[in-house]
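Letter by letter, the chains look like this.
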Amino acid sequence: MYYAQRLQVFDDLSLSDIAIERNRLKGRVTLSSPGESHNFTIEFYYPGGERVDERLAPLILTMPLINFTYFTKRLTVNAPISPSDREAIGNLVRINNREVFVNRLCIRRYEFIKKDFLPGDADITEENADGMTEVVADVTREERFDYAGKKDTVSVLSSGERRASSPTAS
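Residues numbered from 1 in each chain as written. Predicted model: local features only at pLDDT ≥ 70, side-chain atom pairs only at ≥ 80, totals over all residues. Heavy atoms only, no water.

Student: I tried to follow the sheet that holds strand β4 (residues 72–81) on my own but got confused; where do I start?
Tutor: Hydrogen bonds along the backbone pair up the strands of a sheet, which may run parallel or antiparallel. The strand order across the open sheet formed by 5 strands is β3-β2-β1-β4-β5, and the pairing between neighbours is mixed. Strands with a single pairing partner mark the edges of an open sheet, and in this sheet they are β3 (36–45) and β5 (134–139). Within this sheet the neighbouring strands show an average axis-to-axis angle of 20°, counted without direction. Pairing of strand β1 (residues 10–21) with strand β2 (residues 24–33), which is carried by 8 bridges, proceeds in the antiparallel orientation. Each bridged residue has a counterpart across the sheet, and for L15 the counterpart in β2 is V29. (Pairing = 2+ DSSP bridges. Helix = DSSP H or I, 4+ residues; strand = E, 2+ residues; numbered from the N terminus. Axes fitted to C-alpha atoms, helices over the stretch in contact; angles between N-to-C directions.)

See below:
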């Protein structure tokens, strides 16, 4: 058994029931493991009255879920996406899994992981770094679309650790 398999706590992390409203985007997230399932709603609020394009909504809502994929057998996106979106999500999952493995399990070591589950020298392999998360999605959208946002604005989706910085004296 691969080290990565030992850490797969969830069978499935899925996104469904996406709703786009003025100033808000939301979706249902389901975490499933043997014998149990938990649901919650993920919501994004934004100012200005802009509506999120329905083709971007699944991608926006999937981004925070990717942070947990190293511990998940399958990430399921129950919304239409394009083949290139599916490929991008798969690449982001692999990148996240490597980041978690290297920076959080091998180097820094998450405090909440029991020592028995930390990788030993023999576990530090490329296969374990990649994780074993399968991405399942409804790949039915056309490949390309033109999106024209509000003039003179930019959208940034960021997911990651926020670190406080202190000013240095010169």
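Student: Looking at this structure, how should I read helix α3 (residues 83–107)?
Tutor: What sets the pattern is the α-helix's 3.6 residues per turn: residues three or four places apart point alike. Between the first and last C-alpha of α3 there are 35 Å, a value that for 25 residues agrees with the 36 Å anticipated at 1.5 Å per step. Listed as buried for α3 are D85, I89, V93, N96, N97, V100, F101, R104, L105 and C106. The inward-facing, buried residues of α3 abut α1 (3–6), α2 (57–66), β4, α4 (126–130) and β5. (Expected span 1.5 Å × (residues − 1). Buried < 20%, exposed > 50% of the residue type's maximum accessible area, 1.4 Å probe, protein only. Contact = heavy atoms within 4.5 Å.)

Student: Explain the environment of I124 to me, please; I cannot follow it from the model alone.
Tutor: Note that I124 resides in the loop between α3 and α4. Given a relative accessible area of 46%, I124 falls into the partly exposed group. Along the chain, I124 and C106 lie 18 residues apart, while their C-alpha atoms are 7.9 Å from each other. Each residue touching I124, except ones within four places of it in the same chain, is listed here: F101, C106 and P119.

Student: When you look at the pattern of salt bridges in this model, what are you seeing that I'm missing?
Tutor: A side chain with one charge may pair with a side chain of the opposite charge, provided their charged atoms come close. Under the defined criterion, the tally for this structure stands at 9 salt bridges. For E126, the salt bridge is made with R98, and the minimal N-O distance between the two is 3.1 Å. With E126 in helix α4 and R98 in helix α3, this residue pair connects regions lying 28 residues apart in the sequence. Its relative accessible area of 28% is what places R98 among the partly exposed residues. Overlapping salt bridges, with partners in common, bring together E21, R24, K26 and E43 in one network. (Salt bridge = Lys/Arg side-chain N within 4 Å of Asp/Glu carboxyl O.)

Student: So what exactly am I meant to see when it comes to the pairing of β3 here?
Tutor: Successive residues of a regular strand alternate their side chains across the two faces of the sheet. Judged from the 10 bridges that link them, β2 and β3 form a sheet pairing that is antiparallel. Bridge pairing in β3 places R28 opposite T41.

Student: Which parts of the structure should I look at to understand the confidence of the model for the protein?
Tutor: Confidence in the prediction of the protein, expressed as mean pLDDT, is 82, and 82% of residues score 70 or more. Across residues 160–170, confidence stays below pLDDT 50; counting only partners more than four residues off in sequence or on other chains, it has 3 contacts. (pLDDT = per-residue confidence, 0-100.)

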